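What follows is the residue order along each chain.
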Amino acid sequence: MSIAAQIRNADSPRLWLKRMILFASPEQRDPPIRQIPFHRGLNIVWGVELPDDAGVDAAHPVTLSGHSVGKTTCCRLIRYCLGESTFGNPGAMSRIKNTFPEGWVGMELSADGQEWSVLKPIGRTGDPKAAQGIAVESLFDLDRKQNHFSVFMDHLRDTMMTGLQASAPPNSAKPYEWKHLLAWLTRDQEARFQSLYDWRSPRSGADTPRFEKPKEHALYLVRLMLDIVQDEELRVARSLGEAESELTQLESRVAELRREPEYRRNEQERALKHLVGLSSADTLNVDESDLTSPVVMRRTELKNAISAIQDEIEVADRLIARKRVWLASYDEKRRLFRDVMETTAEATEREQGTEPEDDTIKKLRALRGKDCTYGNILIEQCSYVRERLDSADKIIDLQQKREDSRVASVTEQRLSILDQQRKDHGQVVPLLEELQKKLDKDIADKRAKEEQLAQQRDQLQRLDYHLDQWRSAQDLMEGRTPNTELEQKTASAAEQQEIVERQKQELQRLQASYGQRLQTIGNIYDGLIKSALSDTYSGTLRMSKSELQFQIEEATGLTGEAVETLALVLADVAAMMCSCQGIGHHPRFLLHDSPREADLDRHIYNRYLQAMMTLSTKHGGAEAAPFQYIITTTSRPPENLRQAICLQLEAHPQTNMLFGCALKNPELPATGDLFDAQGEP
């Protein structure tokens, strides 16, 4: 049965491009640099190579050919309009921005039945724009509220990724993105069509998010798009992933437990050698019955040191106690001396005072300046008062003389005593201070000994701890102590391994149930192979351990890079054509950039192009084909494929290049500008 008979027409590709336009600037939108019309079915972008007999001259420089006229840049611009953030490698983008600093690229396309126009800057500034139902040229006039670029990107994601059985790879928290699918639909030329899952090359500068597991997750997306996944498989795959994760943890712990005793022993041995003063190369003897063992000798040394320091601390305690008693005694004497001196000084001051007058004399003296109540004269003029006062003054003078003589004698005696007391106190204070200093030194010495004691005890404790840990590890290694955790974890790992194997078998059983679906896809693939090569070739599709394998087989066992490349290219086409037949969720859009550069023979390549043209024509051609396949090439397409050429690029004249001119590198600063007047950088 022919491939045409197997494929039923669909209404239209779920995603297809209608027109791409390059603008030098918003003001120069009419006429644009270039307009590229696309149609359904096969679209060929042809970069014309120099003729084989072309000479190397000014008109045909050898550096320009079909490989440098803009084919790959055209592909990158398509990808750029479909959501990528770059439109070439850094060098290509720099040249485009330098040549067209205000440049833009526009695209008109159909996405799941909606007509969209997209406009993105390829110059130095600008924000992407998108809207439905208007021409690209009109996007320049959109205001911010009318710009629906984010809506456009959401629409691509929601419609192109819809219907999948899963939104993320098995046992991964990162969901698939539209850019992942776009990478498969528009492989990098730099990836050289090496494998079914290797879609992007680091050299291309694309911003496609990386998979956690590049091969596994890419192939799983292919399976999802082909609908070769079912709910039960997803459940088993998730369960298997969890079981394998648990098994990995158990096996890791078992390995750790097996290494742990030896590791522990070695660590304790290193610590013991350090504590007893051995080098790492010395042999450690831990036999306690051997008195010459460094460990035994060090323990004895530490114990003796601890005992000696304890004795010294006891002696220091007794000495400190005695000195504290002496210090308290001297301090009491100093206090008594101070009290006696203060008492003597106060008594001396009191003796040196005058004897007070009696109350009558005090009253008479107080009445001076006042009238006498009896004689009607001033009180001091009263003869009686004057007589009393004169008599009192004489008596007071006599008493004062006697008292002054007595006080002088007593004061002299007391001052002599006070002076002696001061001398005695002056002798006690230095003795007291000296005793305090000695006591402080004794206390400091005791504290130093206590620190030494703590250090020695710490070393002994560390020595005993590491020795105990060394013996424990040695007992585990030699089997004298059972390693309970190792036994438990080993048994658990064995049980978990059985669970993993059962789930793998269940997964393989489920995948084997895809036989009918795989056969249908394989028949489509086989039809493509026969159409592109001959009936002596066959295409096979197998799935082993969740991995799809598209292969070309031939009776003579033909192999090689060309066969493997063609098998891969047609696998992509088969996935697209399956969607036309209602199998899977492929958007029915495909872009291949120069697949012949991946070692395809010209004869095989021409047959391949013929087969793609036949496929397109039999299913409606440019007007009604249910798919869109864009392919770039430097090889001259067969004459009957001229109608499929949507863009022809040539190096000469330069107006036939993609941008209508040769792109210019940014000017480097003149050598002189790199230095100042003195020649300094």
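Residues numbered from 1 in each chain as written. Predicted model: local features only at pLDDT ≥ 70, side-chain atom pairs only at ≥ 80, totals over all residues. Heavy atoms only, no water.

Undergrad: Hey, could you go over the pattern of salt bridges for me, with residue numbers and the actual values?
TA: Considering all chains together, one arrives at 35 salt bridges under this definition. The salt bridge involving D188 is made with R200; its shortest N-O contact spans 3.8 Å. Of this pair, D188 sits in the loop between helix 5 (178-185) and helix 6 (214-225) while R200 is found in the loop between helix 5 and helix 6, placing the two residues 12 residues apart along the sequence. Taking relative accessible area as the criterion, R200 reaches 15% and is therefore assigned buried. (Salt bridge = Lys/Arg side-chain N within 4 Å of Asp/Glu carboxyl O. Helix = DSSP H or I, 4+ residues; strand = E, 2+ residues; numbered from the N terminus. Buried < 20%, exposed > 50% of the residue type's maximum accessible area, 1.4 Å probe, protein only.)

Undergrad: Before we move on, can you summarise the sheet that holds strand 9 (residues 589-593) with the specific residues and values?
TA: Ordered in space as 9-10-3-11, the 4 strands form an open sheet in which the pairing is parallel. Strand pairing shows two members of the sheet lacking a second neighbour, strand 9 and strand 11 (645-649), which therefore form its edges. Direction aside, neighbouring strands of the sheet carry axes that sit 10 degrees apart on average. Along the sheet, helix 14 (residues 602-618) contacts strand 3 (41-47), strand 9 and strand 10 (628-633); its crossing angle with strand 10, the most-contacted strand, is approximately 155 degrees. (Pairing = 2+ DSSP bridges. Axes fitted to C-alpha atoms, helices over the stretch in contact; angles between N-to-C directions. Contact = heavy atoms within 4.5 Å.)

Undergrad: Run through the pairing of strand 1 (residues 15-23), naming residues and quoting values.
TA: Burial runs high along strand 1: 8 of the 9 residues are buried. Inspection of the sheet shows strand 1 paired to strand 4 (residues 104-111) by 8 bridges, in the antiparallel sense. If you follow L22 over to strand 4, its bridge partner there is V105. Note that strand 1 and strand 2 (residues 34-37) share 4 bridges and pair antiparallel. Bridged to I21 within strand 2 is Q35.

Undergrad: Explain helix 6 to me, using residue names and the numbers behind them.
TA: The end-to-end C-alpha distance of helix 6 is 17 Å, a good match for the 16 Å that 12 residues give at a rise of 1.5 Å each. Across the 12 residues that make up helix 6, a large majority, 9, are buried. Listed in full, the buried residues belonging to helix 6 are H217, A218, L219, Y220, L221, V222, R223, L224 and M225. Turning to helix 6, the residues buried within the fold contact helix 4 (149-160), helix 5, helix 7 (231-276), helix 11 (484-512), strand 7 (537-544) and strand 8 (547-554). Positive backbone phi, at 60 degrees, marks D227, one or two positions downstream of helix 6. (Expected span 1.5 Å × (residues − 1).)

Undergrad: Provide a residue-level description of unusual backbone geometry, including the pertinent values.
TA: The bulk of non-glycine residues show a negative phi, and the bulk of peptide bonds are trans. Cis peptide bonds are those with omega within 30 degrees of zero, and the linkage from H652 to P653 qualifies with -5 degrees. Looking at the element boundaries, P653 is found in the segment after strand 11. Look at D112: it is not a glycine, yet its phi comes out positive at around 55 degrees. By secondary structure assignment, the location of D112 is in the loop between strand 4 and strand 5 (114-121). You can call D112 partly exposed: its relative accessible area is 41%. Of note, the phi angle at R588 is positive, near 65 degrees, even though the residue is not glycine.

Undergrad: So what's going on with the sheet that holds strand 4? Which residues, and what values?
TA: One open sheet accounts for 5 strands, arranged 2-1-4-5-6; its pairing is antiparallel. With partners counted over all chains shown, the strands left at the sheet margins are strand 2 and strand 6 (129-132), one partner each. With direction set aside, neighbouring strand axes in the sheet form an average angle of 15 degrees. Where strand 4 and strand 5 come together, 8 bridges link them in antiparallel fashion. Within strand 5, the position partnered with V105 by the bridge is K120.

Undergrad: Outline the side chain of Q496, supporting the account with residue identities and numerical values.
TA: Considering the arrangement of structural elements, one finds Q496 in helix 11. Within the local environment of Q496, its side chain forms a polar contact with the backbone oxygen of A243, the two atoms lying 3.2 Å apart. Discounting chain neighbours no more than four positions away, the residues touching Q496 are A243, E246, L247 and L250. (Polar contact = N/O pair within 3.5 Å; in protein donor to acceptor, adjacent residues only side chain to side chain.)

Interpretation in functional terms is not warranted from these geometric data alone.
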